[in-house]
Amino acid sequence: MTMARLPILRYPDPRLHRKAKPVAQVDDRIRQLAADMAETMYEAPGIGLAATQVDVHEQVIVVDISETRDQLMVFINPVLLSKSDSLSDYEEGCLSVPGVYDDVSRPAVIEVQALDLAGESFVVRAEGLLAVCIQHEMDHLQGKVFVQHLSRLKQSRIRAKMLKQEKDRADDPSGEAASLAL
Ligand code: K2U
Ligand code: ZN
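Residues numbered from 1 in each chain as written. Chains lettered and ligands numbered in written order. Predicted model: local features only at pLDDT ≥ 70, side-chain atom pairs only at ≥ 80, totals over all residues. Heavy atoms only, no water.

A. Spotlight on the site of ligand 1. In the region of ligand 1, 15 residues are neighbours, and Gly48, Gln53, Leu95, His136 and Glu137 sit closest. Relative to its free-state accessible area of 480 Å², ligand 1 is covered by the protein chains to the extent of 84%. Put simply, the parts of the chain that give the shell around ligand 1 at least two residues each are strand 4 (87–92) and helix 2 (128–141). Per-element tally for the shell around ligand 1: the top contributor is helix 2, with 6 residues. (Near = heavy atom within 4 Å. Areas by Shrake-Rupley, 256 points an atom, 1.4 Å probe, with all protein chains shown as cover. Helix = DSSP H or I, 4+ residues; strand = E, 2+ residues; numbered from the N terminus.)

Listed below in structure tokens is the structure:
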């Protein structure tokens, strides 16, 4: 199975706000997508990636929070079965919003049901960084980017910053001006 790095959509691209559809059949196309998403995540580098971020609007997420970067988890059609009343804060980032980090509060403990690459149903109880990551990726499948958990003022500042970043990249693809400025 050859793997490919996929381009990651950048906020505020409207395609990041599309809702992903359930996967009808876990077949070789979905297994290839998961492999390409994993390759893209490891290269970024990141600890999670949702299909929405690579402009595929189907319910697939990949996660690997291991230090050794060799414990891939794939969630197809994930469903939140339960979430704790207790919340925890974590400084989140996002591969679709490069350079932006801010605190987000989410349920500390969750239970998720999903299909694996064989199409078999499984349940995972998650806490800590794994719970944060799965919730962050499941938000992506609903068309939600983590910055939408922040204040309106912060969102407008981040949008302006991302649009400037996009403009600078367009004006100077090589990034030469930026490197000269360093
Ligand atoms: O964009 C993404 O969905 C990948 C996210 C996943 C994530 C965000 C916040 C908290 C946990 C997971 C990240 O950009 S992956 C980069 C990263 C690496 C280590 C710790 C936090 C974020
Ligand atoms: Zn993200």
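B. View of the coordination of the zinc ion (ligand 2). Donor atoms from the polypeptide that bind the zinc ion (ligand 2) are Cys94 (SG), His136 (NE2) and His140 (NE2), placed at 2.1 to 2.3 Å. Spacing between the donor residues of the zinc ion (ligand 2) along the chain follows C-x41-H-x3-H. Of this pair, Cys94 sits in the loop between strand 4 and strand 5 (102–107) while His140 sits in helix 2, and the two are 46 residues apart along the sequence. Residue Cys94 is classed as buried on the basis of its relative accessible area, which comes to 10%. (Donors = N, O, S within 2.8 Å, 3.2 Å for Na, K, Ca; no water. Buried < 20%, exposed > 50% of the residue type's maximum accessible area, 1.4 Å probe, protein only.)

C. Just the environment of Ser66, in detail. Within the secondary structure layout, Ser66 lies in the loop between strand 2 (60–63) and strand 3 (73–83). For the pair formed by Ser66 and Leu130, sequence separation is 64 residues and the distance between their alpha carbons is 9.7 Å. A distance of 2.9 Å separates a polar atom in the side chain of Ser66 from the backbone nitrogen of Arg69. Polar contacts involving the side chain of Ser66 include one to the main-chain amide nitrogen of Asp70, which spans 3.2 Å. (Polar contact = N/O pair within 3.5 Å; in protein donor to acceptor, adjacent residues only side chain to side chain.)

D. Representation of a nonpolar patch on the surface in the model. Together, Val79, Leu81 and Val123 make up an exposed nonpolar region whose accessible area comes to about 240 Å². With respect to the helices and strands, Leu81 occurs in strand 3. Taking the relative accessible area as the measure of exposure, Leu81 reaches 42% and is therefore partly exposed. (Patch = residues over 30% accessible without salt bridge, like charges linked within 9 Å, V, L, I, M, F, W, Y side chains within 5 Å. Salt bridge = Lys/Arg side-chain N within 4 Å of Asp/Glu carboxyl O.)

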